[in-house]
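# Close look at the chain arrangement
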Amino acid sequence: MRRVMVRYKIKPDQVAKNEELVRAVYAELEATDPGGLRYVTFKLEDGVSFAHIAETEDGANPLPKVKAFKEFLEDIGARCDEPPVTIELEPVGSYRV
């Protein structure tokens, strides 16, 4: 099992667009159900930072094959004040997650 978190900060005028693109990813995931993926996105309390957490059962990430995810990535650099940073997560404990 592989767990990663991606964190980044969006330019204030790009927050709504980023949220729209993120929601499109979830809509496509719901429609296509690629399987083997648990995925969640949070907007942090500053209103411009986002964190995505993905867990894959076999380590293979289906997101790069999702059309809406490709569209989300297309101009991520232009939307960001701080670029995405990927962090591998190692669980120490969990309750109902």
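Everything that follows concerns the structure shown earlier in this document.
Throughout what follows, the structure given in this document is the object of discussion. (Residues numbered from 1 in each chain as written. Predicted model: local features only at pLDDT ≥ 70, side-chain atom pairs only at ≥ 80, totals over all residues. Heavy atoms only, no water.)

This brings us to the pattern of salt bridges. Under the criterion given, the structure shown has nine salt bridges. Note that Glu19 is salt-bridged to Arg23, the shortest N-O span being 3.7 Å. Within this pair, Glu19 and its partner Arg23 are both found in helix 1 (residues 15-32), separated by four residues, close to a single helical turn. Where Lys43 meets Glu19, a salt bridge forms, and the shortest distance between an N and an O atom there is 2.6 Å. Here Lys43, found in strand 2 (residues 37-43), pairs with Glu19, found in helix 1; they are 24 residues apart in sequence, far enough to count as distant. With a relative accessible area of 46%, Lys43 lands in the partly exposed category. Counted as one network, the salt bridges with shared partners bring together Arg3, Arg38 and Glu55. (Salt bridge = Lys/Arg side-chain N within 4 Å of Asp/Glu carboxyl O. Helix = DSSP H or I, 4+ residues; strand = E, 2+ residues; numbered from the N terminus. Buried < 20%, exposed > 50% of the residue type's maximum accessible area, 1.4 Å probe, protein only.)

This part is about the nonpolar core. The nonpolar side chains of a soluble globular protein tend to be buried, and buried together. Membership of the largest hydrophobic core comes to 20 residues, with the highest contact counts inside it found for Tyr8, Val25, Leu29, Tyr39, Leu63, Phe69 and Phe72. Every element with two or more residues in this core is listed here: strand 1 (2-10), helix 1, strand 2, strand 3 (49-56) and helix 2 (67-74). Ignoring anything within four residues of it in the chain, the contact list for Leu63 reads Val25, Leu29, Leu37, Tyr39 and Phe69. (Core = buried A, V, L, I, M, F, W, Y, C linked by side-chain atoms within 4.5 Å. Contact = heavy atoms within 4.5 Å.)

That's the geometry; what it means functionally is another story.
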